[in-house]
Structures are given as C-alpha cells and as structure tokens.
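Chain by chain, the residues run as shown.
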Amino acid sequence: MSDAVRERYGRFARQEAPGRSALYEEWALGVEDDPAAQEVLARIPATHRQPPLVFAVTRMLGAPLAGFGRWRDFLLAHADDVVAECTVRRIQTNEPLRLAPLIPVLSEIDGPIALLEIGASGGLCLYPDRYSYRFVDAGGGVRTALDPDDGPSEVVLVSEVRGEMPEVRMPQIVWRAGIDIDPLDARDPRDRAWLEGLVWPGEAGRAERITAALDIAAAHPPVLVRGDADQRLDSVAASAPQGATLVITTPGVLAHIPWAARQTLISRVQALPARWITIDAPSLHDAWHPPVDAETWPGFVVALDGAVRAAADPLGRWWEWRTAADDLRA
C-alpha cells in the first residue's frame with residue numbers, strides 16, 4: 001500500500017501542484033521519499049487519501065503552513081486523528097466565483113427566484129444576489145460592474161469575459177436552499193476551518209473570498225438538507241414558495257455522481273416545474289442541446305435547461321458567451 005501512496009503523491013507533486021501551490025508540492029515530494037509518512041497515509045481508505053484532502057485535513061487539525069519537516073512531525077504526532085478525519089471527510093470545494101458565468105443565465109429568468117442547489121456544501125453558491133461582480137477584459141479593465149441593491153459586497157467576484165458581453169442584472173432571490181450528503185454550516189468553526197483549508201496555499205485572493213462568503217452565509221443561513229439528492233429533491237423543491245420561479249443549479253456536483261445515477265438525477269430535475277442551470281465538463285452528460293463536441297470545446301459548458309449558453313473556466317475565472325450557431329459548433 002505504501003507504494004500506491006508514494007506513486008500518488010509523486011504524481012501530484014509533479015503534475016498537479018506546480019504553478020498552483022509550492023507548499024503542497026513540497027509536502028507531496030516529502031511524502032514520496034518518507035516511508036514513515038507513507039505508512040500513516042496508507043491507513044486511510046484509498047478513496048480518501050488524495051493529497052488535497054489529506055493536506056486540508058492536517059491543516060484543519062492544526063498543522064502549520066511550514067516546510068515538510070514540520071508538517072511530517074505534525075502528521076506522525078497526530079496520525080490517528082488524521083486517519084479518522086480523512087476517512088469521513090471528502091473534498092467539498094465551495095467556490096462562489098463559479099457564480100460569475102451563471103449571472104448572465106440568471107439574468108434571463110424573471111424573478112422572484114427560489115434557488116435550490118444540489119451539492120451545496122456550505123451554501124456559498126446560494127448568494128448570487130449578495131456578491132459584487134466585476135466583469136473584466138483580458139487586461140483587467142472593467143467592462144461591467146454589478147453590485148447588490150444595498151451597495152458593494154465584501155465578496156467581489158472578478159471574472160474575465162471573452163467576446164460578447166450579454167446583458168446582466170442582479171437576480172431577485174427570495175428563497176435559497178441546498179441538498180448535500182454532508183452539508184456544512186458556515187456558523188460552525190470546524191466546518192469553516194474545513195472549507196478554508198480546502199484552499200491551497202498560494203491561491204491568491206481565494207482564501208479571503210471564501211472567508212468573506214462564509215460570513216455572509218453565517219449571517220443569513222440557507223436551508224441546507226442532508227441526504228441524497230435523488231431522494232430529497234422532490235420534497236425540497238415542493239417547499240419552495242409559491243409565486244417564485246424555482247431555479248435548480250448543479251455547479252460542479254455531477255462529476256461526483258456515477259453515470260447511471262447522474263442520468264437519473266438529470267431526468268428528475270428536468271421533470272420538475274423548474275429551470276435548470278449547470279456548469280459542467282462537456283463529457284459529463286448528453287443533455288446539452290445542441291450537442292457539444294467535448295474534443296474542441298474550451299473549458300466547461302454553462303447551460304439553461306440544457307440549452308448551451310457559454311464556455312467557462314471550471315471555477316469561473318473566465319467565461320465566453322456562446323449562443324450563436326457558429327459559436328456552439330466550435
């Protein structure tokens with residue numbers, strides 16, 4: 001088992017961490033050459049020992065953001081706690097910047113809106129109306145600024161728009177709810193530490209953005225329902241207020257659902273009297289219309305009720321509006 005750990009961490013150090021987190025690269029290289037660290041990590045189930053998950057758990061438990069030697073000392077001293085926590089934790093990236101390419105799609109839907117997110121984690125993507133947006137060009141110049149009705153937010157989402165800039169407006173959200181297998185509470189210090197720890201060291205601005213978004217979620221808690229979306233979707237959707245348009249979002253969650261269950265869930269969503277907004281890799285499902293060529297499509301696909309609207313970075317750092325026939329083929 002230690003061989004599998006060594007190979008996985010070596011691959012992470014050389015292929016995934018460079019350019020994103022020098023510290024995680026150092027930690028992973030250290031694990032690759034350290035039998036004692038490998039022995040601890042080998043005790044974690046294989047599906048729960050990914051480097052970002054293990055590193056985030058150690059940070060949540062108190063490991064310092066220091067060199068490998070100090071991290072190794074912490075790991076060995078707290079081995080049982082690390083193994084236990086990794087066994088029950090999973091990566092729950094909750095990036096509010098993903099909302100930036102969804103704003104032009106939300107702008108197409110008349111309010112008031114009842115917003116329901118599948119795979120909500122801590123619910124940070126349930127507040128599109130409480131964040132500020134700065135849609136910029138490639139050089140960083142602001143093309144469009146959008147703020148909540150009561151003024152600029154502590155969370156400012158900066159996203160590059162490539163090509164056409166469609167009309168955008170702040171959505172009118174009157175109800176917000178999420179479904180998650182293991183929802184997180186922005187008011188709970190341990191859950192906050194977990195979400196903040198999922199930000200890799202070196203990702204400039206992201207940690208501050210997550211912390212500020214957690215403060216908003218803590219001050220205005222959403223309805224977060226624990227359970228499998230396929231089992232809870234109908235009942236949660238039925239609790240949305242009458243007179244509001246139900247909008248269901250699935251930002252980044254479908255990749256974590258096996259293919260057959262994914263198709264079933266999509267069918268359940270499509271059967272509801274609701275609008276469906278998603279941002280997914282092109283190959284994740286075949287609900288796009290018109291069909292998307294996964295070989296040539298840049299980034300992820302943003303769609304409304306399956307109708308393709310934009311290409312986007314998976315975390316929302318850039319997006320490109322694509323509604324013309326020629327754009328959808330490219």
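Remember, predicted model here, so these are calculated numbers, not experimental data. (Residues numbered from 1 in each chain as written. Predicted model: local features only at pLDDT ≥ 70, side-chain atom pairs only at ≥ 80, totals over all residues. Heavy atoms only, no water.)

Visitor: I tried to follow the nonpolar core on my own but got confused; where do I start?
Guide: Most often, soluble globular proteins keep nonpolar side chains buried together rather than apart. Phe-55, Trp-71, Tyr-131 and Tyr-133 are the most contacted members of the largest nonpolar core, which has 76 residues in total. Ignoring any residue separated from it by four or fewer positions in sequence, one finds Tyr-131 in contact with Pro-96, Leu-99, Leu-124, Leu-146, Pro-148, Ser-153, Val-155, Leu-157, Met-170, Ala-213 and Ile-216. Judged by nonpolar contacts, the second largest core, of 27 residues, contains Ala-240, Val-253, Leu-254 and Trp-276. (Core = buried A, V, L, I, M, F, W, Y, C linked by side-chain atoms within 4.5 Å. Buried < 20%, exposed > 50% of the residue type's maximum accessible area, 1.4 Å probe, protein only. Contact = heavy atoms within 4.5 Å.)

Visitor: For this particular structure, what's the right way to read the packing of aromatic side chains?
Guide: One pair of aromatic rings is described through two measures. These are the centre distance and the angle between the planes. Within this structure, the stated rule accounts for 13 aromatic pairs. Where Tyr-24 meets Phe-55, the ring centres are 4.8 Å apart and the plane angle is 55°; that geometry is what we call tilted. Of this pair, Tyr-24 sits in helix H2 (residues 22-32) while Phe-55 is found in helix H4 (residues 51-61), placing the two residues 31 residues apart along the sequence. As far as the burial class goes, Tyr-24 and Phe-55 line up, both buried. With 6.0 Å between their ring centres and 35° between their planes, Phe-68 and Trp-71 make a pair best called tilted. Taken as a pair, Phe-68 and Trp-71 lie in helix H5 (residues 68-77) at a separation of three residues, close to a single helical turn. Overall, the relative accessible area of 14% leaves Phe-68 in the buried class. Grouping aromatic residues by their ring pairs yields a cluster made of Tyr-9, Phe-12, Tyr-24, Trp-27, Phe-55, Phe-68, Trp-71 and Trp-200. (Phe/Tyr/Trp six-rings, centres within 6.5 Å; stacked < 30°, edge-to-face > 60°. Helix = DSSP H or I, 4+ residues; strand = E, 2+ residues; numbered from the N terminus.)

Visitor: What's the story with the pairing of strand S9 (residues 300-304) in this structure? I'm lost.
Guide: Burial analysis of S9 places four of its five residues in the buried class, the great majority of the element. Two strands pair when backbone bridges link them, and strand S8 (residues 275-280) and S9 are joined in this way by four bridges, in the antiparallel orientation. Bridged to Ile-277 within S9 is Leu-304. Relative to strand S10 (residues 307-312), S9 is paired through five bridges, and the arrangement is antiparallel. In the strand pairing of S10, Val-302 is matched with Ala-310. Counted between consecutive antiparallel strands, the loop separating S9 from S10 contains two residues, among which Asp-305 sits at a positive phi close to 55°. (Pairing = 2+ DSSP bridges.)

Visitor: I keep staring at the pairing of S8 and nothing clicks. Help me out?
Guide: Taken residue by residue, a regular strand's side chains alternate between the two faces of the sheet. For S8, a buried count of five out of six residues is recorded, marking the element as mostly surrounded by other parts of the structure. In terms of strand pairing, strand S7 (residues 245-251) meets S8 through five bridges, oriented parallel. Residue pairing across strands places Thr-250 opposite Thr-278, the latter belonging to S8. Traced from S7 through helix H11 (residues 259-271) to S8, the parallel crossover comes out right-handed. (Right-handed = clockwise from strand over helix to strand, strands pointing away.)

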